[in-house]
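# Residue-level structure breakdown
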Amino acid sequence: MNILLLSCYELGHQPLNLAWPLAVLRTAGYAPSAVDLAVQSFPETAASKAEFAGISVPMHTALRLGVQASERIRRANPEAHICFYGLYAWLNREYLLGQGIADSVLAGEVENALLELVRSLDGNPGEQNGGQPTRAPAPLLARLQYPLPARGTLPGLCEYARLEENGTAFLAGYTESSRGCLHTCRHCPVVPVYQGRFFAVPLDTVLADIQQQVAAGARHITFGDPDFLNGRTHALRISRALHADFPQVTFDFTTKVEHILKHAAILPELRSLGAAFLVSAFESTSDKVLARLDKGHTLVDMERALQILAAAGLPVQPTWLPFTPWTSLAHYLDMLTWIREHRLIPNVAAVQYSVRLLVPPESALLDAPDTAKWLGDLDPENFSYHWQHPDPRMDALQARLASWVEGASIDPYANFQTVERLAYQAAGARPPSWRRGEYLSPAPPRLTEDWFC
């Protein structure tokens, strides 16, 4: 059976959402081809011959690109079975299936289900579905036997984001020590699929995956778990083993503010084991907005987290959600002041100042009692509900920043001053006067591709 797997975008990482399905399908005797459209051209010949095409869409940007890929496959090969898999596939399944963009949709722990679907279409069904594939089964939350990801035929690490530290760039790899998340932040796309569950990837599998990436030149590893500290003991074991095997390799991870507070005691050890920085979703400096998002932390908690991280010598890259229906222009200005006063300007990527709340189908935000006051109609083609800010200045500011950020400077201080000027201009006020030297702080290590949805 001719099988084609496509990744559209995974934040500048070599796509693990290709490597794991490749491993499962190859173990079962299939010979799929895989293409990462983020760094490779669309495979016209392979698409024209594919009997099964699997398109990985773990994020909103990937889904938009995935729809374009599906249209090209349909034109080249109308008989191909197209399966979308990943978080955003499930959230948008009605549109994808209803418009004929996808023939099936999978989400959750999908690798075995992909294999069963291929077997069914190949006339060799397994016991799971008896030869009758379901177009959109419920998210699959059974624990898997995770194989070693098959990376050998994927583009090399030199095609992807690097770690920049002290003016030097290093090849970076990517892996996951767990999938899903214990937490239920209302705006997060993980929540409708995993519903507060997470699954640990076995230590040996994670280490073997790191080993093959180090052998390919990686000097840094990103742990892409939604929250690395969901399993504190598991995270420590992996970090210790990584450092024991590869003491020259650094790593980064993502965790919630509340985990920084709860697990403060282990952060100095993680730093000593090679943690170069962590990412944490601060989201807002408004307690009102944080409560609406059910973030589980407050502004005071964020300030305490910064103190804990400073004591551990562990830099943070905070991510923000500055445009929501509940964020006023005054809140936005407060956020800028807070970032500047806490000397976080070099820690915040320019794109973070422009991020606007996405409300996809199935979002937990849809259950809020006042939804009708702010939510508009579903825009299925753009995979999100419309919403309009009650203050038109906020929508205008967000649009202006979104346009500006595409050509933003590499200088974070210049970027911050531009954002500050535009925000205060929207408020009809003069921005505060300050000198760069007052707020200078060392540039933290960073990946050359910034996080966004």
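Summary of the structure given here. (Residues numbered from 1 in each chain as written. Predicted model: local features only at pLDDT ≥ 70, side-chain atom pairs only at ≥ 80, totals over all residues. Heavy atoms only, no water.)

## Topic: the overall build of the chain
Across its full length, the chain holds 18 helices and 16 strands. Taken over C-alpha atoms, the radius of gyration comes to 22 Å for the chain, in line with the 22 Å a tight globule of 453 residues would show. C-alpha extents for the chain along the principal axes are approximately 70 × 55 × 35 Å. Counting only residues that meet the buried cut, the chain has 57% of its 453 residues in that class. Pairs at least 24 apart in sequence give 74% of the contacts found in the chain among residues at least 6 apart. (Helix = DSSP H or I, 4+ residues; strand = E, 2+ residues; numbered from the N terminus. Rg over C-alpha atoms; globule rule 2.2 N^0.38 Å. Buried < 20%, exposed > 50% of the residue type's maximum accessible area, 1.4 Å probe, protein only. Contact = heavy atoms within 4.5 Å.)

## A short note on helix α8 (residues 203–215)
With 13 residues, α8 ought to run about 18 Å at 1.5 Å a step, and its terminal C-alpha atoms sit 18 Å apart, in line with that. Within α8, burial applies to Thr205, Val206, Leu207, Asp209, Ile210, Gln213 and Val214. Buried residues belonging to α8 abut α1 (16–27), β7 (168–175), β10 (220–223) and α9 (232–245). Taken from the residues just after α8, Gly217 is the one with a positive phi, measuring 115°. (Expected span 1.5 Å × (residues − 1).)

## Regarding the sheet that holds strand β16 (residues 446–447)
In space, the seven strands of this open sheet follow the order β13-β12-β11-β10-β7-β6-β16, with mixed pairing throughout. The open sheet terminates on both sides in strands that have one partner only, identified here as β13 (316–320) and β16. (Pairing = 2+ DSSP bridges.)

## Remarks on the packing of aromatic side chains
Throughout the structure, instances matching the rule amount to 15 aromatic pairs. Ring geometry for Phe282 versus Trp338: centroids 6.1 Å apart, planes at 65°, classification edge-to-face. Of this pair, Phe282 sits in strand β12 (residues 275–283) while Trp338 sits in helix α14 (residues 329–341); the two residues are 56 residues apart in sequence, bridging distant segments of the chain. Each of the two residues, Phe282 as well as Trp338, counts as buried. (Phe/Tyr/Trp six-rings, centres within 6.5 Å; stacked < 30°, edge-to-face > 60°.)

## Structural notes on the packing of α1 against helix α6 (residues 111–121)
Where α1 contacts α6, the two axes come as close as 9 Å, and the packing angle between them is 50°. Accordingly, the angle class assigned to the pair α1 and α6 is oblique. The two elements α1 and α6 cross, and the hand of that crossing is right-handed. Along its contact with α1, which presents Trp20, Pro21, Val24 and Leu25, the element α6 presents Glu111, Asn112, Leu114, Leu115 and Val118. When the residues that make up the contact of α1 with α6 are grouped by side-chain class, the tally is seven nonpolar, one polar and one charged. (Axes fitted to C-alpha atoms, helices over the stretch in contact; angles between N-to-C directions. Parallel < 35°, antiparallel > 145°, perpendicular 65-115°, else oblique. Left-handed = near helix turned anticlockwise from the far one by under 90°. Nonpolar A, V, L, I, M, F, W, Y, C, P; charged D, E, K, R; others polar.)

## What to know about the side chain of Lys295
Checked against the element boundaries, Lys295 lands in the loop between α12 (287–292) and α13 (299–312). Take Lys295: its relative accessible area is 5%, and that puts it in the buried class. Ignoring anything within four residues of it in the chain, the contact list for Lys295 reads Cys185, His187, Lys256, Glu258, Ala281, Glu283 and Leu290.

## Observations regarding the packing of α8 against α9
Any two packed helices are characterised by how steeply their axes cross, that is the angle between the axes, and by the distance between the axes. Packing of α8 against α9 leaves a shortest axis separation of 10 Å and a crossing angle of 35°. In this structure, α8 meets α9 at a crossing whose hand is right-handed. Note on element contacts: α9 touches α8 through His234, Arg237, Ile238, Ala241, Leu242 and Asp245, opposite Leu203, Val206, Leu207 and Ile210. Partitioning the contact of α8 with α9 into residue classes produces seven nonpolar, one polar and two charged.

## Points about the pattern of salt bridges
Taken as a whole, this structure holds 18 salt bridges when the rule is applied. Between Arg179 and Glu111 there is a salt bridge whose closest N-O contact spans 2.8 Å. In this pair, Arg179 is assigned in strand β8 (residues 178–180) and Glu111 in helix α6, connecting sequence segments 68 residues apart. An identical accessibility class is assigned to Arg179 and Glu111; each is buried. Its salt-bridge partner being Arg436, residue Asp411 comes within 2.7 Å of it at the nearest N-O pair. One end of the pair, Asp411, is in the loop between α16 (392–405) and α17 (412–426); the other, Arg436, is in helix α18 (residues 436–439), with 25 residues separating them in the sequence. Relative accessible area serves as the criterion here: at 21%, Asp411 is assigned to the partly exposed category. (Salt bridge = Lys/Arg side-chain N within 4 Å of Asp/Glu carboxyl O.)

## Points about α6
Helical geometry: 3.6 residues make up each α-helical turn, so side chains three or four residues apart lie on a common side. Across the 11 residues of α6, eight count as buried, placing the element largely inside the fold. Contacts from the buried residues of α6 go to β1 (3–7), α1, β3 (52–56), β4 (81–85), β5 (104–106) and β8. Backbone geometry just downstream of α6 places Gly123 in the positive-phi region, at approximately 75°.

## Observations concerning the nonpolar core
Phe84, Phe223, Phe253, Tyr332 and Ile339 are the most contacted members of the largest nonpolar core, which has 131 residues in total. Per-element tally for this core: the top contributor is α1, with eight residues. Membership of the second largest hydrophobic core comes to 11 residues, among which are Val289, Leu357, Leu375 and Trp387. (Core = buried A, V, L, I, M, F, W, Y, C linked by side-chain atoms within 4.5 Å.)

## Regarding the pairing of β3
The element β3 is largely enclosed, with a buried count of five among its five residues. Neither face of β3 is open: one carries Phe52, Gly54 and Ser56, the other Ala53 and Ile55, and all of them are buried. With five bridges connecting them, β1 and β3 associate as parallel partners. Counterpart to Ser7 in the pairing with β3 is Ser56. Bridge count between β3 and β4: five bridges; the pairing is parallel. By the bridge assignment for β4, Gly54 is matched with Cys83. Viewed along the sheet, the connection from β3 through helix α3 (residues 60–76) into β4 turns out right-handed. (Right-handed = clockwise from strand over helix to strand, strands pointing away.)

## A word on the environment of Leu203
One can find Leu203 in helix α8. Residues Leu203 and Arg237, spaced 34 residues apart in sequence, show a C-alpha to C-alpha distance of 7.7 Å.

## A closer look at the sheet that holds β3
Pairing within the open sheet is parallel, and its five strands lie in the order β2-β1-β3-β4-β5. Among the strands making up the open sheet, the edge pair consists of β2 (33–36) and β5. Each neighbouring strand pair of the sheet contributes to a mean axis angle of 20°, computed without reference to strand direction. The strands touched by α1 are β1, β2, β3 and β4; relative to β1, the strand with the most contacts, the crossing angle is about 160°.

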